[in-house]
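Structural characterization, general
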Amino acid sequence: MKGKTKGNIAMIFSKTFSGLNENALRYLLPVWMSSFSGVVLRLVFGSISFWVTGLFTRDKATPTTGLQKLRMFALGAVCVFGYMFFLLEGLTYTTPISSSIFICMQPVWVFAICVIFLKERMTPKKIIGILLGLAGALVIILTQKSSDTASAPLKGNMLCLVSSVLYALYLVFEKQMVKHVDNVTISKWTFLGGMFSSLVMICFTGWDAPVLSQPLFSAPMMVLLFVLVFPTSLGYLLIAVGLRNLSATVVALYGYLILVVAAVASYVLGQDHFSWWQMLAMILIVFSVYYVEIAEAGNVNASAPSSGNGR
């Protein structure tokens, strides 16, 4: 399987899990667990699972220096922890579709970060694609009203905005790391850093997770297990595969798939109400993905035909 094809397949599965994750978390928050406890559960479970996985992949692990480990730990302590904290806190007040909209804005932040810090070249098609995606996000942001499904949408949306910026930073920095370090090693150390920050946080916020007192096969516990296994553990490994074979901008653009999945699930589960404005936004987002994919294909063909790894 070609590198770019592998990367695209990995991102489709990863972002489908992430889309369902929005709905699963909204179901759990805040009745079955607080956002603070949810962050701890995700990061502790993810860290343990990656370190256990590392025991079986030691022969394939990349030798790393103490400085590399420190950088991965710091990336997790700030960006992975921050992304999950602001996302879960935001979902407490807004809807899965609204939070997904802000995730869809990650390509804007990735593009800006890459231009400012990595001197990435701007192209007309990439700019058009990103502007279309941003327009799609703004359509819903500007038309959203308070409802029975969102207790404080403005507060929730602003928290999700911060979350998307932190996740964009994570994508850009991890993209640089995957050139030299294997996927499992990166996940081990970034989640360890995130877990450290979450445990410090919970000392001040307190623990609140009634879901853990439920039977194993109860609905709340099954939803929690889905969140911990698929979007958290498997999803992050698939993101690393995507970053190894695609550019950080294209990986971020797959965030639009989260919106589509979360929207469909929200309508089916009654977590949001259908709106033609939402449909218009999704159409704009589909075209934005198309334009940026075309731009990325042109860059790869012009500069490195045999790479398949983007930048």
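What this report covers is the structure whose coordinates are included nearby. The model shown is predicted, which means the values in this text are computed figures rather than measured ones.

Overview of helix 5 (residues 106-117)
Taking 1.5 Å of rise per residue, the 12 residues of helix 5 would be expected to cover 16 Å, and the 16 Å separating its terminal C-alpha atoms lies within 8% of that figure. When helix 5 is considered as a whole, its buried residues turn out to be Q106, P107, V108, V110, F111, I113 and C114. Just downstream of helix 5 lies K119, where phi reads positive at about 55°.

Focus: the nonpolar core
Counting 56 residues, the largest nonpolar core has M33, L171 and Y236 as the members making the most contacts within it. The dominant element in this core, judged by the number of residues it contributes, is helix 3 (residues 66-91), at 11 residues. Apart from the residues within four sequence positions on either side, M33 is in contact with L25, L28, G38, L41, D208, A209, P210, V211 and L224. Listed in part, the 13 residues of the second largest apolar core include C104, C160, L253 and A263.

Thoughts on the environment of L118
One can find L118 in the loop between helix 5 and helix 6 (124-143). In this structure L118 comes out as partly exposed when scored by relative accessible area, which is 40%. In the structure, L118 is positioned 54 residues away from V172 in sequence and 9.3 Å away in space, judged by C-alpha atoms. If we skip the residues at most four places from it in the chain, L118 touches I113, V172 and Q176.

Regarding empty space enclosed by the protein
Here the structure, examined in full by the defined rule, presents one cavity of 30 Å³ or more. Around the largest cavity, the lining comprises 14 residues; the ones closest to its centre are S18, Y83, Y167, P231 and Y236. When its residues are assigned to classes, the lining of the largest cavity shows seven nonpolar, four polar and three charged.

Things to note about the environment of S198
Mapped onto the elements, S198 comes out in helix 8 (residues 183-205). For S198 and T143, which are 55 residues apart along the polypeptide, the C-alpha to C-alpha distance reads 34 Å. Residues within four places of S198 in sequence aside, it is in contact with V39, V40, L43 and F81.

Each value, and the rule that gives it
One numbering rule holds for all chains: residues counted from 1, following each sequence as written. Residue-level local features of this predicted model are given only where pLDDT is at least 70; pairs of side-chain atoms are given and counted only at 80 or more, and the full residue set underlies all totals for whole chains, interfaces and linings. For side-chain calculations, the full set of non-hydrogen atoms in the structure is used, while hydrogens and water are omitted. Labels follow the DSSP assignment, with helices taken as runs of H or I lasting at least four residues and strands as runs of E lasting at least two, numbered in each case from the N terminus. Each residue after the first adds 1.5 Å to the expected span of a helix. The cut-offs for exposure are 20% and 50% of the maximum accessible area for each residue type, with area from a 1.4 Å probe on protein chains only; residues under the lower value are buried, those over the upper are exposed, and the others partly exposed. Residues belong to a common nonpolar core when they are buried Ala, Val, Leu, Ile, Met, Phe, Trp, Tyr or Cys residues joined through side-chain atoms within 4.5 Å. Throughout, a residue-residue contact means that at least one pair of heavy atoms, one from each residue, lies within 4.5 Å. Residues are called lining when one of their atoms sits within 4 Å of a cavity or pocket point, these points coming from a 1 Å grid over the protein atoms alone, where a cavity is a set in which a 1.4 Å probe fits but cannot get out and a pocket is an open set with protein on both sides within 12 Å along at least five of seven lines. Grid points are joined across faces, edges and corners, and a volume is the space filled by probe spheres set on the points. Nonpolar residues are Ala, Val, Leu, Ile, Met, Phe, Trp, Tyr, Cys and Pro. Charged residues are Asp, Glu, Lys and Arg, and all others, Gly as well, are polar.

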